[in-house]
Amino acid sequence: MAPAKIRGALNIGFQMAICIGILAANMVNYGTAQMKGGDGWRVSLALAAVPAVIMTVGAIFLPDTPNSLIERGQSEKAKEMLQKIRGVDDVSAEFQDLIEASETSKQVEHPWRNILQRRYRPQLVIVVLIPFFQQLTGINVIMFYAPVLFKTLGFGDNAALMSAVISGFVNVAATLVSVFTVDKFGRRKLFLQGGIQMLVCQIAVGALIGSVFGVSGEGSFSKGMGNAALILICLYVAAFAWSWGPLGWLVPSEIFPLEIRSAGQSINVSVNMLFTFFIGQLFLTLLCHLKFGLFFFFGGFVLIMTLFIFFFLPETKNVPIEEINRVFKAHWFWGKYIPDDAVIGNHHVPPKDA
Ligand SMILES: OC[C@H]1O[C@](O)(CO)[C@@H](O)[C@@H]1O
């Protein structure tokens, strides 16, 4: 559906919605914590039903996509829907593309078997590692536990909750930066810049906490140190929010040809959720054992993932999804996995031995 030129910006809408949700939750927590009687947490928990109700009701009014209509044999309706979405009458070229894509997809019978084929090795590796790495940035330590973390550093209850609201704001604002830059600078630049900034912040926070709390974990932060930690954490969140946050969804979504797309997207979401769960469960144990070293632990992964991007992720900006094999074929490492007959597109790829 999304034109290749602004595919990045549109796709980031998903991550943006998540960030706004996190910010709203942080604000609700701050607000309900002020309630008298200590029952605020019940209200906070119950309010989680509000977005669920909006989505459920909204789903009733959601129109079908042209793709879905074509899949169900309703071509005329699909064309009308496409005209409505694009706001023009002449959609024949795009409509034809959709029909052809649907024909091709009908010939696809075993996406799960297909994705194991050698020619899809780049996609398989990338789609397992990207969501894994996204969670191993340690972002959810901040998103889930920011108030706990700030309280451990000596902030009062309210200040700790307010810090979570501040980092939530930074998260939304920096995701917006990604919306406006991703189709201009490309995916790799954001990944690399974001990775380096996260790493620097993690080392700095780890060193700051380590210098005060040491391995015993005992000590206390001065006001200035607390503020410095908060600023560093916000800079880390910002870096994540314009790189791994949105790109963790965007890049996997633009590397799958139709014949493996359903399997690929399922793997992406599953790996992401699985490691979100693990980090959520393990954080407190990790914090108790590693103390300030926790930041170096995640920093180590950020270093590895940044190197991975540098060496193994080709730029996917502006590449029509059908032509993705051309990009992998031209890649120094993945090229050998892609048979010549798998390359389509208007850019000529010279044979390897030319
Ligand atoms: O913005 C932070 C959020 O982004 C994600 O990494 C991916 O959507 C979530 O796991 C996290 O809570």
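The structure displayed is predicted, hence computed values, not measured ones. (Residues numbered from 1 in each chain as written. Predicted model: local features only at pLDDT ≥ 70, side-chain atom pairs only at ≥ 80, totals over all residues. Heavy atoms only, no water.)

The next subject is the UniProt feature "transmembrane region" (unreviewed entry) in the protein. Here, UniProt's "transmembrane region" (unreviewed entry) annotation points to residues 12-31, 43-62, 124-148, 160-182, 194-216, 228-251, 263-286 and 292-313. As annotated, residues 194-216 comprises 87% helix and 0% strand, and the C-alpha atoms at either end are separated by 32 Å. The straight-line gap between the two end C-alpha atoms of residues 263-286 is 33 Å; of that span, 100% is helix and 0% is strand. (UniProt positions renumbered as here; feature names shortened; annotations may be inferred. Helix = DSSP H or I, 4+ residues; strand = E, 2+ residues; numbered from the N terminus.)

Before going further, it helps to examine the environment of Pro66. Counting through the fold element by element, Pro66 comes out in helix α4 (residues 66-71). For Pro66, a relative accessible area of 0% gives the class buried. For the pair Pro66 and Asn29, spaced 37 residues apart in the sequence, the C-alpha separation amounts to 41 Å. (Buried < 20%, exposed > 50% of the residue type's maximum accessible area, 1.4 Å probe, protein only.)

Attention now moves to helix α9 (residues 139-152). At Tyr145, α9 shows its largest kink, close to 90°, and the proline Pro147 lies no more than four residues downstream. What α9 keeps buried is the set Ile139, Asn140, Val141, Ile142, Met143, Tyr145, Ala146, Leu149 and Phe150. In this structure, the buried side of α9 is in contact with α1 (7-33), α8 (121-136), α10 (157-185), α12 (223-242), α14 (258-290) and α15 (293-312). Gly154, located one to two residues past α9, shows a positive phi value of around 105°. (Bend = angle between axes of the 7 residues up to and from the residue. Contact = heavy atoms within 4.5 Å.)

As a structural note, the neighbourhood of the ligand is formed by Gln15, Ile18, Cys19, Ile22, Gln134, Gln135, Ile139, Asn140, Met143, Asn171, Phe240 and Trp249. Between the ligand and Trp249 there is a distance of 3.0 Å, counted from an oxygen atom to a side-chain nitrogen or oxygen. Relative to its unbound accessible area of 320 Å², the ligand is 93% covered by the protein chains. Listing elements by their share of the shell around the ligand, those giving two or more residues are α1, α8 and α9. Considered class by class, the residues forming the shell around the ligand number seven nonpolar, five polar and no charged. (Near = heavy atom within 4 Å. Polar contact = N/O pair within 3.5 Å; in protein donor to acceptor, adjacent residues only side chain to side chain. Areas by Shrake-Rupley, 256 points an atom, 1.4 Å probe, with all protein chains shown as cover. Nonpolar A, V, L, I, M, F, W, Y, C, P; charged D, E, K, R; others polar.)

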